[in-house]
Amino acid sequence: MTFRFFRHAAALAGCVFGLAVPPAHADDGAALALSAAPTASASASRPAAPDPGAPDPQRWLPLMGANGVTSYFDQSAVRRQGTEVGVVVMRNSPSGVIRTASGDPIRSSLKRMVLNCATSMFAVVEQTLYSKRFARGDSLYTIRAPQYGTFQVAGPGTIAGELLRKLCR
């Protein structure tokens, strides 16, 4: 049964990886490697006020955790396969706090996640880090989770939990 579960997760991740999603600022449809890292905010999510210079609000839905950190959910990149849903989430980093090993500042990330509506779990399958806010500029590097990520419980008050609530009705 575990093998079947991971086989389905791998199939959905393949479906998600096959999706070419342009960066938040691109109008030319250029493909972009997307990111997947922990997306959970420790507090309840609620709609956020748009940030100046934020991406298209018709496409990117801002979600703010109670701690004030805003993530953006790409409404156009949702892919469903059975009880699983592939999503893309963008998040800006706090200024000057996070750097690569070589000292380059990481100002945003783009993540690919798989949500499992039947189990209320999620897995981050890929994350790309950027030198500019809103996934603009050159990508610094992409992290791919081994074996399409490890599924974990999406608790209430997390971005993953909020996305499960919105997408798994």
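This is a predicted model, so every value here is computed, not measured.

Enquirer: Even after reading the chapter, I still don't get the overall build of the protein, so can you show me in this structure?
Expert: For the protein, the helix and strand inventory stands at two helices and nine strands. Along the chain direction, N to C, the helices and strands of the protein fall in the order α-β-β-β-β-β-β-β-β-β-α. Across the 169 residues in the protein, those meeting the buried criterion constitute 46%. Of the contacts made within the protein by residues no fewer than 6 positions apart, 58% connect residues no fewer than 24 positions apart. Carbon and sulfur atoms make up 55% of the accessible area of the protein, which amounts to about 8400 Å² in all.

Enquirer: Looking at this structure, I do not really get the pairing of strand E5 (residues 84-92). What am I missing?
Expert: Looking down a regular strand, the side chains alternate between one sheet face and the other. Counting buried residues in E5 gives eight out of nine residues, a clear majority hidden from the surface. Judged from the three bridges that link them, strand E3 (residues 70-74) and E5 form a sheet pairing that is antiparallel. Counterpart to Ser71 in the pairing with E5 is Arg91. Where strand E4 (residues 79-81) folds back onto E5 in an antiparallel hairpin, the turn is made up of two residues, including Gly82, whose phi is positive at roughly 65°. Here nine bridges tie E5 to strand E6 (residues 108-116), and the two strands are oriented antiparallel to one another. Residue pairing across strands places Asn92 opposite Ser108, the latter belonging to E6.

Enquirer: What exactly am I supposed to notice about the pairing of E3 here?
Expert: Within E3, five of the five residues are buried, leaving the element largely enclosed by the surrounding structure. Neither face of E3 is open: one carries Thr70, Tyr72 and Asp74, the other Ser71 and Phe73, and all of them are buried.

Enquirer: Any chance you could explain helix H2 (residues 159-167) here in plain terms?
Expert: In an α-helix, one turn spans 3.6 residues, which is why side chains three or four residues apart end up on the same side. With seven of its nine residues buried, H2 lies for the most part within the structure. Within H2, burial applies to Ile159, Ala160, Gly161, Glu162, Leu163, Leu164 and Leu167.

Parameters at a glance
- Residues numbered from 1 in each chain as written.
- Predicted model: local features only at pLDDT ≥ 70, side-chain atom pairs only at ≥ 80, totals over all residues.
- Heavy atoms only, no water.
- Helix = DSSP H or I, 4+ residues; strand = E, 2+ residues; numbered from the N terminus.
- Buried < 20%, exposed > 50% of the residue type's maximum accessible area, 1.4 Å probe, protein only.
- Contact = heavy atoms within 4.5 Å.
- Areas by Shrake-Rupley, 256 points an atom, 1.4 Å probe, with all protein chains shown as cover.
- Pairing = 2+ DSSP bridges.

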